[in-house]
Amino acid sequence: MAVKFQFNKTSLNELNKQLKIRQRALPTLKNKESALRMEVKRAKDRMQELEDQLANRIKDYEYMVSLWGEFERDLIRIDDVKLGTIKIAGVKIPVLEEVIFGVKDYSIFARPFWYADGVKILKELAEIGIERDFYHEKMRLLDHARKKTTQKVNLYEKVQIPGYENAIRKIKRFLEDEENLSKSAMKIVKKRYENAEVES
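The text that follows walks through the structure, step by step, so that each part is easy to find. (Residues numbered from 1 in each chain as written. Predicted model: local features only at pLDDT ≥ 70, side-chain atom pairs only at ≥ 80, totals over all residues. Heavy atoms only, no water.)

**Observations concerning the packing of aromatic side chains**
Taken as a whole, this structure holds two aromatic pairs when the rule is applied. Note on Phe5 and Phe7: the rings are 5.3 Å apart at their centroids and 80° apart in plane angle, and the pair reads as edge-to-face. The exposure class of Phe5 is partly exposed, given its relative accessible area of 26%. A relative accessible area of 41% places Phe7 in the partly exposed class. Between Phe7 and Phe174, the ring centres sit 4.7 Å apart and the planes meet at 45°, which makes this aromatic pair tilted. Note that Phe7 is positioned in the segment before helix H1 (9-60) and Phe174 in helix H3 (residues 115-199), a separation of 167 residues in sequence. Note on Phe174: relative accessible area 34%, which makes it partly exposed. Among the aromatic residues, those joined into a ring-pair cluster are Phe5, Phe7 and Phe174. (Phe/Tyr/Trp six-rings, centres within 6.5 Å; stacked < 30°, edge-to-face > 60°. Buried < 20%, exposed > 50% of the residue type's maximum accessible area, 1.4 Å probe, protein only. Helix = DSSP H or I, 4+ residues; strand = E, 2+ residues; numbered from the N terminus.)

Set out below in structure tokens:
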């Protein structure tokens with residue numbers, strides 16, 4: 001990154017100010033990146049747990065496969081999914097609070113005795129699947145934020161801070177050279193003036 005600057009003290013002060021802002025922000029950004037990395041891992045682990053739990057639950061009910069043929073497909077539906085939001089390292093994340101199911105009325109006398117259990121099982125499987133999907137979305141959002149934070153850390157650490165430091169160094173050298181030249185010129189003028197006084 002080419003830092004735009006002028007060879008004067010105003011520009012030097014502005015660059016110093018910008019450099020300090022970035023140097024102060026860098027540790028915070030690194031902490032945020034680290035926190036997001038941990039949260040992504042937690043979300044991924046939880047998503048995998050739910051995936052395994054869902055697979056195990058489905059496996060547990062495989063013996064009932066022939067019974068599910070008698071089950072009405074439109075008996076149960078998802079009416080609403082209540083969401084909340086939380087902030088993790090400054091990133092808003094949706095949180096699953098509750099899944100509200102609707103169950104179509106049915107006669108417990110006209111249906112097999114296991115229907116009520118079937119409704120409970122379907123609700124449980126649906127909740128696990130929905131929660132798994134939420135953790136997948138949480139992981140995606142957190143990972144996106146982590147990548148953006150990593151880019152910013154790299155920008156500050158590898159581009160902007162070295163760029164500002166280099167520009168500051170150049171300005172300081174220029175100002176020192178200018179001051180040295182000015183002193184040398186003043187010495188020459190003073191010496192000539194003294195020589196002129198001695199001759200007259």
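From this point, the discussion proceeds with the structure in view.
**A few points about the pairing of strand S1 (residues 76-88)**
Side chains on a regular strand alternate between the two faces of the sheet. In this structure, S1 lies alongside strand S2 (residues 91-103), joined through 12 bridges in antiparallel fashion. Bridge pairing links Val81 to Val99 in S2. Linking S1 to S2, which pair antiparallel, is a turn of two residues; within it Ala89 sits at a positive phi near 50°. (Pairing = 2+ DSSP bridges.)

**Thoughts on H1**
For H1, built from 52 residues, the straight-helix expectation of 76 Å at 1.5 Å per residue is met to within 8% by its first-to-last C-alpha distance of 75 Å. When the local axis directions of H1 are compared, the greatest deviation, roughly 30°, occurs at Leu26, which is followed within four positions by the proline Pro27. Where H1 begins, one side-chain oxygen reaches toward the backbone nitrogen of Thr10, 3.3 Å away; that side chain belongs to Asn8. (Expected span 1.5 Å × (residues − 1). Bend = angle between axes of the 7 residues up to and from the residue. Polar contact = N/O pair within 3.5 Å; in protein donor to acceptor, adjacent residues only side chain to side chain.)

**Notes on H3**
Taking 1.5 Å of rise per residue, 85 residues should cover 126 Å, and H3 covers 123 Å from first to last C-alpha, within 8% of that figure. The axis of H3 is deflected most strongly, by about 40°, at Tyr156.

**Describing the environment of Gly102**
Secondary-structure assignment places Gly102 in strand S2. Spatially, the C-alpha atoms of Gly102 and Asp80 are 8.8 Å apart, while their sequence positions differ by 22 residues. Excluding residues that lie within four positions of it along the chain, Gly102 makes contacts with Leu75, Ile76, Arg77 and Asp79. (Contact = heavy atoms within 4.5 Å.)

**Points about unusual backbone geometry**
Look at Ala89: it is not a glycine, yet its phi comes out positive at around 50°. In this fold, Ala89 is placed in the loop between S1 and S2.

**Here we look at a negative patch on the surface**
Residues Asp80, Glu97, Glu98 and Glu127 make up a contiguous surface patch of negative charge. Mapping Asp80 onto the fold places it in strand S1. (Patch = residues over 30% accessible without salt bridge, like charges linked within 9 Å, V, L, I, M, F, W, Y side chains within 5 Å. Areas by Shrake-Rupley, 256 points an atom, 1.4 Å probe, with all protein chains shown as cover. Salt bridge = Lys/Arg side-chain N within 4 Å of Asp/Glu carboxyl O. Lys, Arg positive; Asp, Glu negative; His and termini not counted. Charge placed at Lys NZ, Arg CZ, Asp CG, Glu CD.)

**Structural notes on the pattern of salt bridges**
Under the defined criterion, the tally for this structure stands at 16 salt bridges. Two residues, Lys104 and Asp74, come together in a salt bridge whose shortest N-O distance is 3.3 Å. Taken together, the residues span a long stretch of sequence, with Lys104 in the loop between S2 and H3 and Asp74 in the loop between helix H2 (65-68) and S1 at a distance of 30 residues. Overlapping salt bridges bring together Arg46, Glu49 and Glu131 as one network.

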